[in-house]
Amino acid sequence: MLLHQRGSARARLESIDPDFALPLGSLEKQVARLLHSGAADPFELHLCLEMLRLVPELDQDDAIALLHLLLVLLDNERHGNTRLGLAPPAPLGHLRRGLSALLESPTQGSIDALLHKLPEALQRCSALFAEHVDNVQPRIQKGVEQDARNTCAPMLSTTAQEDGGNSNPSYAKRPMDNNLGRPFVIDGPWLYTHRLFRAEQKLANAFVELAAALLTPSKSPQDLDTAPPKLLCPTTFALDEQQVLAIRTALLAPLCIITGGPGSGKTTVVASLLANLLDRGSAAEHIALAAPTGKAARRLQESIAQQQAHFPNTLERAWARLPAPQTLHRLLGYSPHTQRFSFDAHTRLPFKTLIVDELSMVDLDLAASLLCAISPDAQVVLIGDAQQLPSVEAGSVLRDLIDAVERLRLPNTLVQLQQTHRLRPDAQQDLLRFTEVVRNIPNTCTPVELRERFTGPHGSLYQIHKNTEEISFEGLELFVADDEQTLQALSRHWVTRLLLAQNHFQTLQQQVFALHQGRLQDRDELTLRAALTALQQQRILCASKQRGSRFSTVASNERIEIELRKQLFLGEQAIAGSPWMIRANDYHHQLFNGDTGLLFYARADDAAQDTPSQPMLLFEQADTSLACFHLDAVRAKLSLAHAITIHKSQGNEFEHVMVLLSEEAHGSNRELLYTALTRARRGVLLVASEERLLQSLCQTVIRESGVVERIRSLSRGHLGNPIIP
C-alpha cells in the first residue's frame, strides 16, 4: 500500500484516478466535501480511501458510513485515545461528536441512523475482506516494510478472540505477520486500529510477566518490612521516609514504580539507588538509565552529577564508569532506515537494572516495545509524575500502570513521594503550594471551592495584576491580555525584564566567532556555553501552535522577534542569541526532536575580515560537548523557540515561565496547566483571567484505554487469584 506525504495526499484527492476501484458518485462527493470544507485532514482522508479500495464490492452506503467511522477513529487516536467506543456499554460521546463534525447537516436523527448502520456495515466489510485476504496481505506487507508506523489497511476483525483476544497471553509473542490483514479490530464494544490493539496486548502481557516475578518466592521482596537492608545515604542531608521506602523497594523488587511532583525528591531517589547498587557491587555497565527525549536524558544526567557530591568518595571510580542516560529509542537500538528496534521480545536488553525517568511522556507504542525488550531477570524502576500531561501520541501509560498496580493490590511495587524538599522565598513557596493543591484537586471540585483552596496563610497563592509594570515574574501571577496591543506590551516587558537583562543578546550581536576546521576555540566555547545556559532561564509556553491565534507559538515568537529587533536596532537578519528548536529527529546530525540550539554568527579563522559571517546553531550534546551547524543545514527541521507548546516543554525546567492561556485557547485542562506550572523554578505568569484558570483546573484529561482491563484479565492466569475490585 503506497501512502503519500500530506502535500501529495491533497493533490491525489483533488484528481481521483479514473481507475479508482470504488464506485464514484456519492462517495466522491463526500470526499470532495470533506476535503474542501477542511472537516477532514487530507492525509487521513487519503488513508481511509486507500483502505476502502481493498474492498471494491462494498456498496456506496456502507463505504460512506465506514469512511466517516474511520475518520473519527483516526481523530480519536490523534486525541490520545487508544480505542473508540462503538456500542454500549462503551461511551459513544466521541463517536457522536466526531460524526457531527463530519456530516454536512448533522441532526440527532441522522447521527442515530448512522450509528445504527455502522455495526452491520462493519460485518459486511469483514466478510468481503475474508474473500480478498490472499490478495490484501501482500499489499499490506509491502506497506509495512515501507512505513512500519504509519501504514494501515481497511480490513476489520469482527472479534478479538480470532486474534488471540484478552484471554491469550501468548498472543503478544506471536509474529505480527500472522495478523497483517487485520488493521482494525472490533473488541467487544470497542474499535481499535490494529497497531494500538497489538500495542495494548504487548504492554499488558509484558507488564504481567514483570508483575508475576513479584509473587515468585525467589524474587518476592517479602523481607522489605521485616529485614530492611542497610542503605548508603547522602552524607549532607537526610532522606524522608518515602524516599527510603522507594530506594528499598527498588533494590529488592523486580518492578518498582515511583511517582511524585516537583521537588518531591525523585532525582535524589535515583542517585541514592545508583549509589547503593554500586556500593553493593553491581557492575556499572549492567545499569541503564533512560528517558523519552534527549533533553530529559541530559537533565537526568545533570541531576545525578550534582547528587554525586553527597555520597562517599569511595564511589568516585564507580560513578565514572556509569553509562550516561540515553533516550529510549537509542536504548532500544532504533534504526531510522528499517524503522525497527534492535532489542525486542526475541533479543532482550542486556542490562540487569533499568531506570526510566519521565514515564508520563512515553506513549503506548514505545512503552510496549520497551517492556517487551526487558530481560525477565532484570530490575525495573519506572519514574514519573502521573499528574502531568500524558504523551503526545496515544496512551496514558503511567496512569494505566499505576491504576493496574492499585487494582491488583500488587505488594511492594508503587511508592508515591509526597513531601516537598525545595526551600524557596515566600513568592516561590506560594507557587509550590499552588502546584501541590492542583495535584490533589478532587474531580468533583467546583471553581468556587477551588478559589477557597488557593487561599494561603497570607492570602491568595497568586497575584492578579492589571498592568504590565506590576509583573515581577516571581511566584504565581495572573494577567489578562485580551487584545494585540496588550500582548505587545507584555512581550516588551518580557524582553526588557528577562531576555535583555543578562546581556548575552547584546554581546552576541557584536561578536563574530572564529571556527577552526568547524570547531570553536575554548574561550569562545565558554562564552557561548554561558549564553546557552542563560537561554534556558525563561520560556513562553502556549497551549497551541495553531496559526491565526494571537496566543499561539507562531504569534508569540513573532512578537518577541519584533521587540528584540526594536530594542537591539536590528534589521531582518536572524537574531544572534535566539533559541531554535529541532522539530523532527535529524539522525545525520544527531539532533533530536526537542533539542534547543543557540544562534550565533561565525566565519572560518583563516577567512578575510571582510568575509560575510554565517549564521550558526550551537547545541549541547548528550555528553555535554558542544556541536555547531550552519543554520541552512538544519533549517528544514527548525522552529523559533522563544515560545513553545506546553507539550514540547515536558522534560525541561526554566527559572521563569509565561503561560498563554487566553479565552481563545482550546482544550485547556488541569494536566496542561499543571505541566506548565511545574516547568518553572521561580515564577509563572499566567496570561488568563482568574475565572478561566479555575474553570480549566476543574477539567481533567480522560483517555480511553483498555490496558488496565487487559492486565486484570491476563493476571488471573499469571498471578493466581488476586483481589480485583
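This structure is a prediction, so every number in the text was calculated from the model and none was measured. (Residues numbered from 1 in each chain as written. Predicted model: local features only at pLDDT ≥ 70, side-chain atom pairs only at ≥ 80, totals over all residues. Heavy atoms only, no water.)

What follows covers the overall build of the protein. Secondary structure summary: the protein contains 25 helices and 27 strands in total. Counting across all 725 residues of the protein, residues that qualify as buried make up 56%. Considering only residue pairs separated by 6 or more positions, the protein has 74% of its internal contacts joining residues 24 or more positions apart. Total accessible area on the protein is roughly 31200 Å²; 49% of this is exposed by carbon and sulfur atoms. (Helix = DSSP H or I, 4+ residues; strand = E, 2+ residues; numbered from the N terminus. Buried < 20%, exposed > 50% of the residue type's maximum accessible area, 1.4 Å probe, protein only. Contact = heavy atoms within 4.5 Å. Areas by Shrake-Rupley, 256 points an atom, 1.4 Å probe, with all protein chains shown as cover.)

One pass over the structure, following the stated rule, counts 24 salt bridges. R83 is the partner of E704 in a salt bridge, and the nearest nitrogen-oxygen pair spans 3.9 Å. Of this pair, E704 sits in the loop between α24 (690–697) and α25 (707–718) while R83 sits in the loop between α4 (60–78) and β1 (84–85), and the two are 621 residues apart along the sequence. For E704, a relative accessible area of 24% gives the class partly exposed. Judged by relative accessible area, R83 falls into the buried class, the value being 4%. Across the salt bridge formed by R399 and E671, the nearest N and O atoms sit 2.9 Å from each other. Of this pair, R399 sits in helix α14 (residues 397–408) while E671 sits in helix α23 (residues 670–677), and the two are 272 residues apart along the sequence. R399 sits in the partly exposed class, given a relative accessible area of 25%. (Salt bridge = Lys/Arg side-chain N within 4 Å of Asp/Glu carboxyl O.)

Turning to the sheet that holds strand β7 (residues 326–327), a few remarks are in order. A sheet is described by the order of its strands in space; here six strands give the open sequence β7-β6-β10-β11-β5-β12, paired in parallel fashion. Edge positions in the sheet fall to β7 and β12 (414–417), since each has one partner strand and no second. Relative to strand β10 (residues 353–356), strand β6 (residues 287–291) is paired through four bridges, and the arrangement is parallel. The partner of A288 across the bridge, within β10, is L354. (Pairing = 2+ DSSP bridges.)

Right, let's talk about the pairing of strand β26 (residues 654–660) for a bit. For β26, a buried count of seven out of seven residues is recorded, marking the element as mostly surrounded by other parts of the structure. Examined bridge by bridge, β26 and strand β27 (residues 680–687) share six bridges and lie parallel to one another. Within β27, the residue paired with V659 across the bridge is L686.

Spatially, β15-β16-β27-β26-β19-β25 is the arrangement adopted by the six strands of the open sheet, whose pairing is parallel. Two strands close off the open sheet at either side, each with one partner strand: β15 (463–465) and β25 (643–645). For this sheet, the mean angle separating the axes of adjacent strands, direction not counted, is 25°. Bridge count between strand β19 (residues 538–542) and β26: five bridges; the pairing is parallel. For R539, the partnering residue across the bridge sits in β26 and is V657. (Axes fitted to C-alpha atoms, helices over the stretch in contact; angles between N-to-C directions.)

Position of L95 relative to the elements: it lies in helix α5 (residues 93–102). The sequence separation of L95 and V72 amounts to 23 residues, and the corresponding C-alpha distance is 6.5 Å. Residue contacts for L95: discarding those within four places in its chain leaves L69, V72, L84, G85, L86 and L115.

Of all seven residues making up strand β22 (residues 614–620), five are buried, and the element is well covered by its neighbours. Pairing analysis gives five bridges linking strand β21 (residues 596–604) to β22, with the strands arranged antiparallel. Directly across from L598, in β22, lies its bridge partner L618. Here β22 runs beside strand β23 (residues 626–630); their pairing, made up of five bridges, is antiparallel. Bridge pairing links F619 to A627 in β23. Following β22, the chain reverses through five residues before pairing antiparallel with β23; T624 in that reversal takes a positive phi of roughly 70°.

Before going further, it helps to spend a moment on the layout of surface pockets. Put simply, the second largest pocket is a space of about 1300 Å³. R299, S303, Q306, E653 and R681 are, among the 48 residues lining the second largest pocket, the residues nearest its centre. Its residues placed into classes, the lining of the second largest pocket shows 10 nonpolar, 22 polar and 16 charged. (1 Å grid on protein atoms, 1.4 Å probe; cavity = no way out; pocket = protein on both sides within 12 Å on 5 of 7 lines; lining within 4 Å. Points joined across faces, edges and corners; volume = space filled by probe spheres on them. Nonpolar A, V, L, I, M, F, W, Y, C, P; charged D, E, K, R; others polar.)

Turning next to the side chain of N81. Of note, N81 is situated in the loop between α4 and β1. Polar contacts involving the side chain of N81 include one to the side chain of N76, which spans 3.1 Å. From its side chain, N81 meets the backbone nitrogen of E704 in a polar contact 2.7 Å long. Discounting chain neighbours no more than four positions away, the residues touching N81 are N76, H94, L196, A394, I702, R703 and E704. (Polar contact = N/O pair within 3.5 Å; in protein donor to acceptor, adjacent residues only side chain to side chain.)

Contact pair helix α7 (residues 194–212) / helix α13 (residues 364–373): the axes reach a minimum separation of 8 Å and the direction vectors enclose 40°. Here α7 lies oblique to α13, going by the angle between them. Seen along the crossing, α7 lies across α13 with a hand that is left-handed. Contacts between α7 and α13 involve R195, L196, A199, E200, K202, L203, A206, F207 and L210 from the former and L364, D365, A367, A368, S369, L371 and C372 from the latter. Residues belonging to the contact of α7 with α13 are distributed by class as follows: 11 nonpolar, one polar and four charged. (Parallel < 35°, antiparallel > 145°, perpendicular 65-115°, else oblique. Left-handed = near helix turned anticlockwise from the far one by under 90°.)

For the rest of this paragraph, the subject is the environment of E655. Within the element layout of this structure, E655 appears in strand β26. For the pair E655 and Q538, spaced 117 residues apart in sequence, the C-alpha separation works out to 5.7 Å. Setting aside its immediate chain neighbours within four residues, E655 contacts Q536, Q537, A680, R681, R682 and G683. A polar atom in the side chain of E655 sits 2.8 Å from the side chain of R681.

This part takes up α5. Side chains that are three or four residues apart share a direction in an α-helix, a result of its 3.6 residues per turn. Listed in full, the buried residues belonging to α5 are H94, L95, G98, L99 and L102. When α5 is viewed along its axis, its buried side chains cluster within an angular range of 130° and face the same direction. Across from the buried face of α5, at angles greater than 90 degrees, the exposed residues are R97 and A101. (Arc of directions from axis to C-beta.)

Counting residues in hydrophobic clusters, the biggest one holds 47 residues, and the most contacted among them are F207, L331, L370 and I711. For this core, the element with the highest residue contribution is α7, accounting for nine residues. With sequence-adjacent residues up to four places away left out, I711 is seen in contact with A204, F207, V208, L401, A404 and L408. Core analysis: the next-biggest nonpolar cluster, separate from the first, contains 41 residues, L115, L118, A121 and I186 among them. (Core = buried A, V, L, I, M, F, W, Y, C linked by side-chain atoms within 4.5 Å.)

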